[in-house]
2 protein chains.
Amino acid sequence: MKKIINKPEDVVHEMLKGLQDSRPETIGLIPEKRIVYRKDPYLNKVAIISGSGSGHEPDQAFYVGRGMLDAACAGPVFAAPTLDAIVDAARMVDKGMGVLFLVKNYTGDRAYFEMASEMLEFEGGPSVDTVIINDDVAVKDSTFTAGRRGVAGAIFVYKIVGAKSEEGANLGELKGLAYRVNDNVRTMGFALKPCTTPEKGSPTFDLGPQEIEVGVGLHGEPGRERTTYKRANTIIKTLTDAVLEDLPFSGGDEVALMVNGLGGTPIGELYIAAGITHDILKNKHIRVHKTYVNNYCTSLDMEGCSVSLLRLNEDFKRLLAYPVDIPISYF
Amino acid sequence: MKKIINKPEDVVHEMLKGLQDSRPETIGLIPEKRIVYRKDPYLNKVAIISGSGSGHEPDQAFYVGRGMLDAACAGPVFAAPTLDAIVDAARMVDKGMGVLFLVKNYTGDRAYFEMASEMLEFEGGPSVDTVIINDDVAVKDSTFTAGRRGVAGAIFVYKIVGAKSEEGANLGELKGLAYRVNDNVRTMGFALKPCTTPEKGSPTFDLGPQEIEVGVGLHGEPGRERTTYKRANTIIKTLTDAVLEDLPFSGGDEVALMVNGLGGTPIGELYIAAGITHDILKNKHIRVHKTYVNNYCTSLDMEGCSVSLLRLNEDFKRLLAYPVDIPISYF
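Treat the numbers as computed from the prediction; the structure is a model and nothing was measured. (Residues numbered from 1 in each chain as written. Chains lettered and ligands numbered in written order. Predicted model: local features only at pLDDT ≥ 70, side-chain atom pairs only at ≥ 80, totals over all residues. Heavy atoms only, no water.)

What about the packing of helix 1 (residues 11–22) of chain A against helix 7 (residues 267–283) of chain B?
Running from N to C, helix 1 of chain A and helix 7 of chain B point in directions that differ by 65°, and their axes come no closer than 7 Å. When you trace helix 1 of chain A past helix 7 of chain B, the crossing you get is left-handed. Of helix 7 of chain B, the residues touching helix 1 of chain A (which contributes Val-11, Glu-14, Met-15, Lys-17, Gly-18, Leu-19, Asp-21 and Ser-22 of chain A) are Gly-268, Tyr-271, Ile-272, Ala-274, Gly-275, His-278 and Asp-279 of chain B. Residues that form the contact of helix 1 of chain A with helix 7 of chain B fall into these classes: 6 nonpolar, 5 polar and 4 charged. (Axes fitted to C-alpha atoms, helices over the stretch in contact; angles between N-to-C directions. Helix = DSSP H or I, 4+ residues; strand = E, 2+ residues; numbered from the N terminus. Left-handed = near helix turned anticlockwise from the far one by under 90°. Contact = heavy atoms within 4.5 Å. Nonpolar A, V, L, I, M, F, W, Y, C, P; charged D, E, K, R; others polar.)

Have a look at this one:
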């Protein structure tokens, strides 16, 4: 295993340290609890928190900032954050208007966020509510979930709900909005190559030199089908069709398209995928309002991508365009 | 070879098509010449053009837009753009105030941009000037260059010069500014794993499972040393020290730091590198004004990163902060 790391057990701490070093004005860090939080002052808004195992960067720590998350709880690589970190983060960022947890659907993450809610309720606050994100159409249940997995569609939920929180919406309104975004977003991905976790030092699953995993999960868990490598037109059509059929999306819909790299795929290949999806959508008279192409929700160095579609309304469009000030950026 | 591509010979065209599909309001494309240009109207500014072989995305096509480049000429993967594309691009984006070519130092690119300048001069316009970027401290000459190579430091040149062009500076002023940025930026990178070009289908060079290439070039060309894999603290110190010693940078300097991924390295590892560099700079009393961590100038799916430092003045700081509207972004 060759990676830009020191000891495998220090990977998450050193990454979060680098994050805070790089954005000292806006990002606070409690290293021993792996809590990343907004340092810029804010008031009169519900606090938005997400969290999960590390290894999906920029999800979630790099989305902390004005217009998105107010804190992120990072677990060890591919393992849930701790109960006390979630509880502490909620207390820290609450400004008296309550806290909304946005949690991708994985059994471990759900359990800890649920326990944190109960503990906060028992101890008298802050008020907390939780929305579970489950946009992955690939499989009904999986290695790490009962029900569908939460994947890259979560980024649309953070973005839209984070923007609305800046506008002063209350906890109930934000919870409803988060459900509506989740109800209107669908995703499916595939892997060309598996990822290697630092602790294990070898791939999380085996893929032959001519095999791909269609519908792969964010930890390398199995998808719909292990099949032979095919050219981009075929693979991307499989993903896009699965997404389209699920909601279902139909002619006349206006959508946001996200082509999300899984960590090890160059941006040029993601844009090839975006071009293919645009053609498919055009043929179906589905209008793309905005296209998002980048690494948004990854699986360490996994190669491959996912395709997400979010069915839009005027409210979603406005909130997607709301400015953000988050660590992940170019300039 | 498993990549998200169709036919290897169509990779660049399909990528640029995906780019235009994704940003139809702001990005124009002349597919047969691989010219990417700004569609939003602008006047009273010198036009800024860059170009080189493809495979370094987001460099350069994805930097076309307000505040950076007015056009980019993309060659085939790792091969220079054509003469007629450069000439056409210059004519297309000139608004009567002339055109500045910003070219990374590679023999092929230099030759075609130079011929384009001569042809435009011979044919009576537009006025053109050229600045060659050569920020890579790794080697004096290389496989593809006489003199030092141009690498990720080029992005600081585009950014600062592009911003100044929006403020209405003339061609001579912008040329001088481009030289000053180039004079104050230094870079060195390393590879953990080589890249695979679509046409060749196999790695551009061989690296053993425990080897790294220190000072690697953007096409996999050799650097300073082929050595054994070391932990991040050691590798990143080697890069940072080489950069610091070259200018040299010294205590009291204020810098912009760029940790640039080479295409296949996850963002989390780049932030580990950023944290290490911050510590080295702090010990030397060099102040980091702003940190840039992402894939800025890549080598297809190569794994590894480069470290760039730009010595700042108030003018550079202001121009780095100038807003951009370019295709590569998150939201």
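Side note on the sheet that holds strand 12 (residues 303–311) of chain B
What holds strands together in a sheet is hydrogen bonding between their backbones, with the strands either parallel or antiparallel. All names here are of chain B. Spatially, 9-8-7-12-10-11 is the arrangement adopted by the 6 strands of the open sheet, whose pairing is mixed. The sheet is open, and its two borders are formed by strand 9 (225–228) and strand 11 (287–294), each paired with just one other strand. Between one strand axis and the next, the sheet turns by 20° as a mean value, whatever way the strands run. Examined bridge by bridge, strand 10 (residues 254–261) and strand 12 share 7 bridges and lie antiparallel to one another. Bridging from a neighbouring strand, Val-259 pairs with Val-307 of strand 12. Across the sheet, helix 4 (residues 153–166) touches strand 7 (185–193), strand 10, strand 11 and strand 12, and the angle it forms with strand 12 is around 45°. (Pairing = 2+ DSSP bridges.)

Remarks on the sheet that holds strand 6 (residues 128–133) of chain A
All names here are of chain A. The sheet built from 6 strands is open, its strands ordered 1-2-4-3-5-6 with mixed pairing. Either end of the sheet is taken by a strand with one partner, and the two such strands are strand 1 (27–30) and strand 6. Adjacent strand axes in the sheet meet at a mean angle of 20° when their direction is disregarded. Of the strand pairs in this sheet, strand 3 (residues 47–54) and strand 5 (residues 99–104) are connected by 4 bridges, and their pairing is parallel.

Overview of the environment of Val-216 of chain B
Residue and element names in this part refer to chain B. Turning to its location among the elements, Val-216 is positioned in the loop between strand 8 (211–214) and strand 9. The class for Val-216 is buried, based on a relative accessible area of 6%. Distance from Val-216 to Arg-226, taken between C-alpha atoms, is 9.2 Å for residues 10 residues apart in sequence. (Buried < 20%, exposed > 50% of the residue type's maximum accessible area, 1.4 Å probe, protein only.)

Overview of the pattern of salt bridges
Counted according to the given criterion, the structure contains 53 salt bridges over all chains. Here Asp-136 of chain B and Arg-149 of chain B are joined by a salt bridge, their closest N and O atoms 2.9 Å apart. Of the two residues, Asp-136 of chain B is situated in the loop between strand 6 (128–133) and helix 4 and Arg-149 of chain B in the loop between strand 6 and helix 4; the sequence distance between them amounts to 13 residues. The burial state of Asp-136 of chain B is the same as that of Arg-149 of chain B; both residues are buried. In this structure, a network of salt bridges that share partners links the residues Arg-38, Asp-40, Lys-45, Asp-70 and Glu-166 of chain A. (Salt bridge = Lys/Arg side-chain N within 4 Å of Asp/Glu carboxyl O.)

Side note on the relation of the copies chain A and chain B
One copy of the chain maps onto the second through a rotation about an axis and a displacement along it. Its rotation angle being 180°, the transformation that places chain A on chain B also includes 0.0 Å of axial translation and leaves an RMSD of 0.0 Å. In the structure described here, the two chain copies are related by an operation that fits a two-fold rotation axis. Among all residues of chain A, the minimum C-alpha distance to the rotation axis is found for Gly-264 of chain A, at 2.2 Å. When the interface residues of chain A are mapped onto chain B, 100% of them again lie at the interface, so the same face is used by both copies. (Least-squares fit on C-alpha atoms with pLDDT ≥ 70 in both.)

Details of the domain arrangement of chain A
All names here are of chain A. Its domain assignment divides chain A into domain 1 (10–183) and domain 2 (185–320). Between the C-alpha centres of domain 1 and domain 2 there is a distance of 23 Å. Listed per partner, the contact involves 36 residues of domain 1 and 38 residues of domain 2. When the two sides are added together, the surface that domain 1 and domain 2 hide from each other amounts to roughly 3,100 Å², 65% of it contributed by carbon and sulfur. (Domains from an automatic or database assignment. Buried area = accessible area lost by both parts, 1.4 Å probe.)

What about helix 3 (residues 107–122) of chain B?
All names here are of chain B. The terminal C-alpha atoms of helix 3 lie 22 Å apart, and with 16 residues this matches the ideal 22 Å at 1.5 Å per residue to within 8%. Residues of helix 3 that are buried: Asp-109, Phe-113, Ala-116, Ser-117 and Leu-120. For helix 3, the angular spread of buried residues about the axis comes to 100°, placing them on one side. The inward-facing, buried residues of helix 3 contact strand 3 (47–54), helix 2 (83–93), strand 5 (99–104) and strand 6. The positive-phi residue at the C-terminal boundary of helix 3 is Gly-124, with phi of around 90°. (Expected span 1.5 Å × (residues − 1). Arc of directions from axis to C-beta.)

Concerning the nonpolar core
Ranked by internal contacts, the top residues of the largest apolar core, which has 202 residues, are Leu-102 and Leu-310 of chain A together with Leu-102 and Leu-310 of chain B. Those residues in contact with Leu-102 of chain A, other than ones at most four positions away along the chain, are Ile-48, Ile-49, Ser-50, Gly-51, Val-131, Ile-133, Val-157, Tyr-158, Val-161 and Ala-178 of chain A. (Core = buried A, V, L, I, M, F, W, Y, C linked by side-chain atoms within 4.5 Å.)

With respect to unusual backbone geometry
All names here are of chain B. The residue after Glu-57, namely Pro-58, is reached through a cis peptide bond having omega 10°. With respect to the secondary-structure elements, Pro-58 resides in the loop between strand 3 and strand 4 (71–77). Following Gly-125, the chain continues to Pro-126 via a peptide bond in cis, the omega torsion being -5°. Mapped onto the secondary structure, Pro-126 falls in the loop between helix 3 and strand 6. Look at Asn-44: it is not a glycine, yet its phi comes out positive at around 55°.

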